[in-house]
Amino acid sequence: QVQLVESGGGLVQAGGSLRLSCAASGRTFSGYAKGWFRQTPGKEREFVATISGSGSTTYYADDVKGRFTISRDDAKNTVYLLMNSLKPEDTAVYYCAARVSGVGSTVRRTYDYWGQGTQVTVSS
């Protein structure tokens, strides 16, 4: 059974940092594009960052650009999201996702696999 499991969420003060991890099991995701999305109550799940299957291309939402970094370690079947200079508006449940295509995507419905999410809370 294919699973994506996020970890690393928690409570942090504004200006702090967190690193989220998303470990895959059940199959290798080498070559699959990966993405991170986030969701707050009553809102649509929104794109945060994506990385291509080769790891050579990344793309970020405007409001996290320069603060967040997505990376991948295919030997560990894991994708990461390093979040620096966190703001209260970054508070959300963060989800990782994988898509069979090696091309990164900002569109939620193009992803084939999803994790269960991890809560990130940034206090002011």
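As shown above, the structure is provided for reference.
Numbering of residues starts from 1 in every chain and runs along the sequence as written. Whole-chain, interface and lining totals are the exception, using all residues; otherwise, since this is a predicted model, local features are given only for residues with pLDDT of at least 70 and side-chain atom pairs are given and counted only at 80 or more. Each side-chain value is derived from all of the structure's non-hydrogen atoms; neither hydrogens nor water enter the calculation.

**Some remarks on the overall build of the protein chain**
Numbering of helices and strands runs from the N terminus; a helix is a DSSP stretch of H or I covering at least four residues, while a strand is a stretch of E covering at least two. Summing up its helical and strand segments, the protein chain has 0 helices and 11 strands in all. In the protein chain, the succession of helices and strands from N to C terminus is β-β-β-β-β-β-β-β-β-β-β. As a reference, a globule follows 2.2 Å times the number of residues to the power 0.38, and the radius of gyration itself is taken over C-alpha atoms. The C-alpha atoms of the protein chain give a radius of gyration of 13 Å, which matches the 14 Å a tight globule of 124 residues would have. Within the protein chain, the proportion of its 124 residues that are buried is 43%. Note on classification: 1.4 Å probe, protein chains only; a residue is buried when its accessible area is under 20% of the maximum for its type, exposed when over 50%, partly exposed between these limits.

**Regarding the pattern of salt bridges**
One side chain can pair with another of opposite charge once the charged atoms of both are near each other. The term salt bridge refers to a side-chain nitrogen of Lys or Arg lying within 4 Å of a carboxyl oxygen of Asp or Glu. The full count for this structure, using the stated rule, is 7 salt bridges. Here R38 makes a salt bridge to D63, at a shortest N to O gap of 3.0 Å. Taken as a pair, R38 in strand 4 (residues 33-39) and D63 in the loop between strand 6 (58-60) and strand 7 (68-73) lie far apart in primary sequence, 25 residues in all. For R38, a relative accessible area of 4% puts it in the buried group. Measuring nitrogen to oxygen at the nearest pair gives 3.0 Å for the salt bridge that ties D74 to R72. On the accessibility criterion, D74 (29% relative accessible area) is partly exposed.

Bear in mind that shape data such as this cannot, by itself, settle questions of function.
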